[in-house]
Amino acid sequence: MNSSPPVPSALPTDGQLAWQKAGFGVFAHFGINTFAGREWSDGTLDPGGFAPTELDADEWAETARDAGAAHLIVTAKHHDGFCLWQTDTTDYGVGSAPWRSGRGDVVAELAAACERAGIGLGVYLSPWDRNAPCYADPEAYDRFYRRQLTELCTRYGPLAEVWFDGAGSAGRTYDWPGVAAVLERHQPQAMVFNLGRPTIRWVGNEDGLAADPCWYTVERTEVSLYDSDAAALPRPMYLPPECDVSIRRHWFWHPGDEASLKSREHLLAVWYRSVGLGAGLLLNVPPDRRGRIDAADRSRLLEFTGEVRRRFADPLAAVVERAPGKVRLRFAEPVAVDHVELAEELSGGQRVTGHRITADGRELAAGGTVGVRRVHAFPEARARVIEAELTGAAPGTALRAFHTGHGGLPALEEQPPVDEGRADTPPLAR
């Protein structure tokens, strides 16, 4: 039951705690790749190929809101360098496309849609740029990149999250202090993913899966699937992990990819192993060539998130009792239970290192960290007392019990492999 943390816990900011409690965001991979059948392209695709016929940013934002997402992150610039906003830095973007007669701005439309829907906007700005001629000159490209980031930080209102993907940048050093200065000046409240001035980190895989223990204070972060070296941090930092995964096998929408749409049960299995282990989940739902959310994807997303809400809508009524290192639920009479949820008070840092759940003295489940939430599913048990025994300082840890009708964790299903023919990518790190 004991699982010592690698370093003493740092303290979270209010913004980090709010991000952790929200727990769920939606990703929207959309760009020139959508229209070319590519996952990664090399920056030479004709901007004229970007031609959504029915782009509806309100549909994107409303779908994310209806799924319970706190924010929606769009690939404002992927590795190909194609910009989804009206940038002054390059001609490679929507300004050179026939869509909206060259005056369209996906980021602007989405920012307005997210505001109407009441959710946050996030932007993905790839450091690696395969189109920019100045990329070969690190100093010139750093200036170019800071200008792009400044445009995104100053033209579209508050940003909930800024996403820096490390793919393709092995061996390259960017001006991260300069990037951090832009964020500090213009978007100090934004969560920053993994690089620059990080406030959250990548979990280390693209399957959406965290692990137990799930530590929030770390000394190093993983960068990408294509780089085996982890990035050292200047000091131990409180960086809760974000688990990214796509609802289909690929990140961008492709025709004929419908069979790879993940099942409800697999998405539930991912949820239990990400959010249910105390991490955040970022689920990619890519718009299609119309600029709309595929009906099958939207239906599956809402089916999955609706089931999560159903299972955890009605905790069983109980009297809460506390003792040193313990929290228990006492029921008026024996009740059927198949899930419990623990939630640690994190304002003083992450301190629970182990836990054990019992029902009238019989062990139901055990594990390591708790964090912002820890969910256990087990075969139905009947009990008058559910108790959590906690290792480590745990004042204020909450315990709730549920009867969902589903005992045990959903199984992860084997997923089809990525079609490597759609991408010009670096070799995987070994």
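Everything numeric here is computed off the predicted structure, so don't read it as measured data.

## Here we look at the overall build of the chain
Then step 1. A count of helical and extended segments in the chain gives 7 helices and 16 strands.
Then step 2. Taken over the C-alpha trace, the chain has a radius of gyration of 22 Å; the compact-globule value for 430 residues is 22 Å, and the two agree within 12%.
Then step 3. The C-alpha extent of the chain, read off along each of the three principal axes, is 70 × 45 × 40 Å.
Then step 4. Contacts spanning at least 24 positions in sequence make up 75% of the contacts within the chain whose residues lie at least 6 apart.
Then step 5. A total accessible area of about 16900 Å² is found for the chain, and carbon and sulfur atoms account for 49% of it.
Then step 6. In the chain, 45 side chains carry a positive charge and 59 a negative one; their mean positions are 4 Å apart.

## As for helix H3 (residues 106-117)
Then step 1. Counted at 1.5 Å a residue, the expected span for H3 with its 12 residues is 16 Å, and the 16 Å between its end C-alpha atoms agrees.
Then step 2. Within the sequence span of H3, burial applies to Val106, Val107, Leu110, Ala111, Ala113, Cys114 and Ala117.
Then step 3. Looking at the buried residues of H3, the elements they touch are helix H2 (57-66), strand S2 (71-77), strand S3 (120-125) and helix H4 (138-155).
Then step 4. Here H3 starts with a cap whose side-chain oxygen sits 3.1 Å from the backbone nitrogen of valine 107, and that cap is aspartate 105.

## Here we look at the sheet that holds strand S9 (residues 241-246)
Then step 1. Here 8 strands make up an open sheet; going across it, the order is S5-S4-S3-S2-S1-S10-S9-S6 and the pairing parallel. The two strands at the open ends of the sheet, each matched to only one other strand, are strand S5 (191-193) and strand S6 (201-202).
Then step 2. Here strand S1 (residues 24-28) runs beside S2; their pairing, made up of 3 bridges, is parallel. Across the sheet, the residue bridging to valine 26 is leucine 72, located in S2.

## Thoughts on the environment of glycine 15
Then step 1. Looking at the element boundaries, glycine 15 is found in helix H1 (residues 14-22).
Then step 2. Exposure remark for glycine 15: the relative accessible area of 31% places this residue in the partly exposed category.
Then step 3. The spacing of glycine 15 and methionine 191 is 176 residues in sequence and 7.4 Å in space, taken between C-alpha atoms.

## A short note on the confidence of the model for the chain
Then step 1. Across the chain, the average pLDDT comes to 95, with 97% of residues at 70 or higher.
Then step 2. The spread of mean pLDDT over the elements of the chain runs between strand S8 (residues 231-238), the lowest at 89, and S2, the highest at 99.

## Regarding the packing of aromatic side chains
Then step 1. Inspection of every chain in the model, using the stated rule, returns 25 aromatic pairs.
Then step 2. Taking 5.4 Å as the distance between ring centres and 35 degrees as the angle between the ring planes, the aromatic pair formed by tryptophan 271 and phenylalanine 312 counts as tilted. In this pair, tryptophan 271 is assigned in helix H6 (residues 264-272) and phenylalanine 312 in the loop between helix H7 (295-311) and strand S11 (319-323), connecting sequence segments 41 residues apart.
Then step 3. Residue classification places phenylalanine 312 among the buried residues on the basis of a relative accessible area of 13%.
Then step 4. Aromatic ring contacts, followed pair by pair, group Phe30, Phe35, Phe50, Trp60, Phe82, Tyr92 and Trp99 into a single cluster.
Then step 5. Directly above the aromatic system of tyrosine 135 lies the positively charged group of arginine 172, at a separation of 4.1 Å from the ring centroid.

## Overview of the layout of surface pockets
Then step 1. Reported here for the largest pocket is a volume of approximately 820 Å³.
Then step 2. Lining the largest pocket are 42 residues, and of these Glu206, Leu225, Arg249, Trp251 and Val418 lie nearest its centre.
Then step 3. With 3 residues, S9 is the single largest residue contributor to the lining of the largest pocket.
Then step 4. Tallied by class, the residues present in the lining of the largest pocket amount to 22 nonpolar, 11 polar and 9 charged.
Then step 5. Size it by volume and the second largest pocket reaches roughly 490 Å³.
Then step 6. In terms of lining residues, the second largest pocket is bounded by 24 residues, among which Trp176, Leu195, Gly196, Val223 and Ala231 are the most central.
Then step 7. For the lining of the second largest pocket, the leading source of residues is S8, giving 6 residues.
Then step 8. Taken together, the residues of the lining of the second largest pocket sort by class into 12 nonpolar, 7 polar and 5 charged.

Quick notes on the rules
- Residues numbered from 1 in each chain as written.
- Predicted model: local features only at pLDDT ≥ 70, side-chain atom pairs only at ≥ 80, totals over all residues.
- Heavy atoms only, no water.
- Helix = DSSP H or I, 4+ residues; strand = E, 2+ residues; numbered from the N terminus.
- Rg over C-alpha atoms; globule rule 2.2 N^0.38 Å.
- Contact = heavy atoms within 4.5 Å.
- Areas by Shrake-Rupley, 256 points an atom, 1.4 Å probe, with all protein chains shown as cover.
- Lys, Arg positive; Asp, Glu negative; His and termini not counted.
- Charge placed at Lys NZ, Arg CZ, Asp CG, Glu CD.
- Expected span 1.5 Å × (residues − 1).
- Buried < 20%, exposed > 50% of the residue type's maximum accessible area, 1.4 Å probe, protein only.
- Polar contact = N/O pair within 3.5 Å; in protein donor to acceptor, adjacent residues only side chain to side chain.
- Pairing = 2+ DSSP bridges.
- pLDDT = per-residue confidence, 0-100.
- Phe/Tyr/Trp six-rings, centres within 6.5 Å; stacked < 30°, edge-to-face > 60°.
- Lys NZ or Arg CZ within 6 Å of the ring centre and 35° of its normal.
- 1 Å grid on protein atoms, 1.4 Å probe; cavity = no way out; pocket = protein on both sides within 12 Å on 5 of 7 lines; lining within 4 Å.
- Points joined across faces, edges and corners; volume = space filled by probe spheres on them.
- Nonpolar A, V, L, I, M, F, W, Y, C, P; charged D, E, K, R; others polar.

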